[in-house]
Amino acid sequence: MLFAASALREATRRNRLSRFLPQELVLRLADGDGSLKAGRRQRAAIVFVDLRGSTTLAESLDPHRLSEFLSAFRRRVTRLARLRGGVVDKFIGDGALVVFGLPDPGPDDAARALAFAQDLVAVIARWTDRAEPTEAVRIGVGVHYGEVFCGIIGEAARYEFTVLGDAVNVAARLEQATKLHGVPILVSEAARRAAGAPAAAWREVSREPLRGRRARMAYHTPAGPGAGRADLPLPTIETPP
């Protein structure tokens, strides 16, 4: 009975944590991983995703249908992130922040982030091409690789996982710059190099400073359909409803 009571308390604790934290981190925290609770510095690949045309979509759909559409969008982001080994840090309105390198950094984090970005663009395009004309949307994706601070903050009743640092800001600016340059994906030179992606498969878009920044940096987009795709195995994706 003591064992059963202990197991029940542990299951309850993990269920409570899963309400607020990415699933991939719950077991680590529940098992007492102090590095996540205290916070740590590490290198990671950061991906920002934004759904284009959501304002028009909100005007054309009733609230229930809009909720269904956004939920379906989030399911696709979550599923692909997990397939590629990424963690959805958070959804921000009609966008998402995905981190590759958690709970432990690996040598292929950037490669998996680039593969995720290209896979997601393709999956969303196929999905919305089959949707009603009013639901035909596209996405913009920004990818950067660098040092971040990551950790779990808050009280037991309301934990929150957070990723902070200049690398996060750069990824966000790259996503915003996809609108300016009219491309679905922008990848920093740092992310391309960390992924080991061949330069010939990527077209340099600009070296001008990103909005709100002073430093110049090169950033790229795939040179053509399928170009620059990381050669990483991926299970067949069954498109969810």
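Residues numbered from 1 in each chain as written. Predicted model: local features only at pLDDT ≥ 70, side-chain atom pairs only at ≥ 80, totals over all residues. Heavy atoms only, no water.

## Side note on the packing of helix H5 (residues 63–83) against helix H6 (residues 109–129)
Link 1 in the chain: Packing of H5 against H6 leaves a shortest axis separation of 10 Å and a crossing angle of 150 degrees. Like other packed secondary-structure pairs, H5 and H6 cross with a definite hand, here right-handed. Taking contact as the criterion, the partners of Phe69, Ala72, Phe73, Arg76, Val77, Leu80 and Ala81 in H5 are, on H6, Phe116, Asp119, Leu120, Val123, Ile124, Trp127 and Thr128.
Link 2 in the chain: When grouped by side-chain class, the residues that make up the contact of H5 with H6 number 11 nonpolar, 1 polar and 2 charged. (Axes fitted to C-alpha atoms, helices over the stretch in contact; angles between N-to-C directions. Helix = DSSP H or I, 4+ residues; strand = E, 2+ residues; numbered from the N terminus. Left-handed = near helix turned anticlockwise from the far one by under 90°. Contact = heavy atoms within 4.5 Å. Nonpolar A, V, L, I, M, F, W, Y, C, P; charged D, E, K, R; others polar.)

## Topic: the environment of isoleucine 46
Link 1 in the chain: Structurally, the position occupied by isoleucine 46 is in strand S1 (residues 40–51).
Link 2 in the chain: Exposure remark for isoleucine 46: the relative accessible area of 0% places this residue in the buried category.
Link 3 in the chain: Apart from the residues within four sequence positions on either side, isoleucine 46 is in contact with Leu97, Val98, Val99, Gly142, Val143, His144, Val148, Val163, Ala167, Val168 and Ala171. (Buried < 20%, exposed > 50% of the residue type's maximum accessible area, 1.4 Å probe, protein only.)

## So, the packing of aromatic side chains
Aromatic ring pairs are defined here through the distance separating the ring centres and the angle between the ring planes.
Link 1 in the chain: Tallying each qualifying case throughout the model produces 2 aromatic pairs.
Link 2 in the chain: Pairing phenylalanine 69 with tryptophan 127 gives two aromatic rings, centres 4.8 Å apart and planes at 20 degrees, and the pair type is stacked. Pair noted here: phenylalanine 69 is in helix H5 and tryptophan 127 is in helix H6, with a separation of 58 residues, a long-range link.
Link 3 in the chain: Both rings, one in phenylalanine 100 and one in phenylalanine 116, keep their centres 5.6 Å apart while their planes meet at 50 degrees; by these two values the pair is tilted. One end of the pair, phenylalanine 100, is in strand S3 (residues 95–100); the other, phenylalanine 116, is in helix H6, and 16 residues separate them in sequence.
Link 4 in the chain: Given a relative accessible area of 0%, phenylalanine 100 falls into the buried group. (Phe/Tyr/Trp six-rings, centres within 6.5 Å; stacked < 30°, edge-to-face > 60°.)

## Let's talk about the pairing of strand S6 (residues 185–188)
Link 1 in the chain: Of the two faces of S6, the one carrying Ile185 and Val187 and the one carrying Leu186 and Ser188 are both buried.
Link 2 in the chain: Relative to strand S8 (residues 219–222), S6 runs antiparallel, the two sharing 2 bridges. Residue pairing for S8: serine 188 is matched across the bridge by tyrosine 219. (Pairing = 2+ DSSP bridges.)

## Some details on H5
Link 1 in the chain: Counted at 1.5 Å a residue, the expected span for H5 with its 21 residues is 30 Å, and the 30 Å between its end C-alpha atoms agrees.
Link 2 in the chain: Leu66, Phe69, Ala72, Phe73, Arg76, Val77, Thr78, Leu80 and Ala81 are the residues of H5 that are buried.
Link 3 in the chain: Looking at where H5 begins, the residue whose side-chain oxygen comes 3.0 Å from the main-chain nitrogen of histidine 64 is aspartate 62.
Link 4 in the chain: Looking one or two residues past H5, glycine 85 carries a phi angle of roughly 85 degrees, positive in sign. (Expected span 1.5 Å × (residues − 1). Polar contact = N/O pair within 3.5 Å; in protein donor to acceptor, adjacent residues only side chain to side chain.)

## A few points about unusual backbone geometry
Link 1 in the chain: In the segment running from leucine 102 into proline 103, the intervening peptide bond is cis, with an omega of 0 degrees.
Link 2 in the chain: With respect to the secondary-structure elements, proline 103 resides in the loop between S3 and H6.

## Considerations on the environment of valine 123
Link 1 in the chain: Within the fold, valine 123 resides in helix H6.
Link 2 in the chain: Spatially, the C-alpha atom of valine 123 lies 9.4 Å from that of valine 77, the residues being 46 residues apart in sequence.

## Remarks on the confidence of the model for the protein chain
Link 1 in the chain: This prediction gives the protein chain a mean pLDDT of 82; 74% of its residues lie at or above 70.
Link 2 in the chain: A low-confidence stretch, residues 1–14 stays under pLDDT 50, and its non-local contacts, those more than four residues away or across chains, total 7 contacts.
Link 3 in the chain: Low pLDDT, under 50, characterises residues 234–241; the stretch is placed with 17 contacts to residues that sit more than four places away or in other chains. (pLDDT = per-residue confidence, 0-100.)

## Thoughts on the nonpolar core
Link 1 in the chain: If you look at the biggest cluster of nonpolar residues, it comprises 38 residues, and the most contacted ones within it are Val47, Val49, Phe116, Ile139, Val141 and Val143.
Link 2 in the chain: Those elements giving two or more residues to this core turn out to be S1, H5, S3, H6, strand S4 (139–155) and S6.
Link 3 in the chain: Residue contributions to this core peak at 10 residues, all from H6.
Link 4 in the chain: Every residue in contact with isoleucine 139, bar those within four places of it in the chain, is listed here: Val49, Asp50, Leu51, Arg52, Phe73, Leu120, Val121, Ile124 and Pro184.
Link 5 in the chain: In this structure, Val99, Leu102, Ile152 and Ala171 belong to the second largest nonpolar core, which totals 17 residues. (Core = buried A, V, L, I, M, F, W, Y, C linked by side-chain atoms within 4.5 Å.)

## Digging into the environment of arginine 216
Link 1 in the chain: Counting through the fold element by element, arginine 216 comes out in the loop between strand S7 (202–206) and S8.
Link 2 in the chain: Taking the relative accessible area as the measure of exposure, arginine 216 reaches 57% and is therefore exposed.
Link 3 in the chain: Sequence separation between arginine 216 and serine 206 is 10 residues, and the spatial gap between their C-alpha atoms is 9.1 Å.
Link 4 in the chain: Of note is the side chain of arginine 216, whose polar atom sits 3.1 Å from the side chain of glutamate 208.

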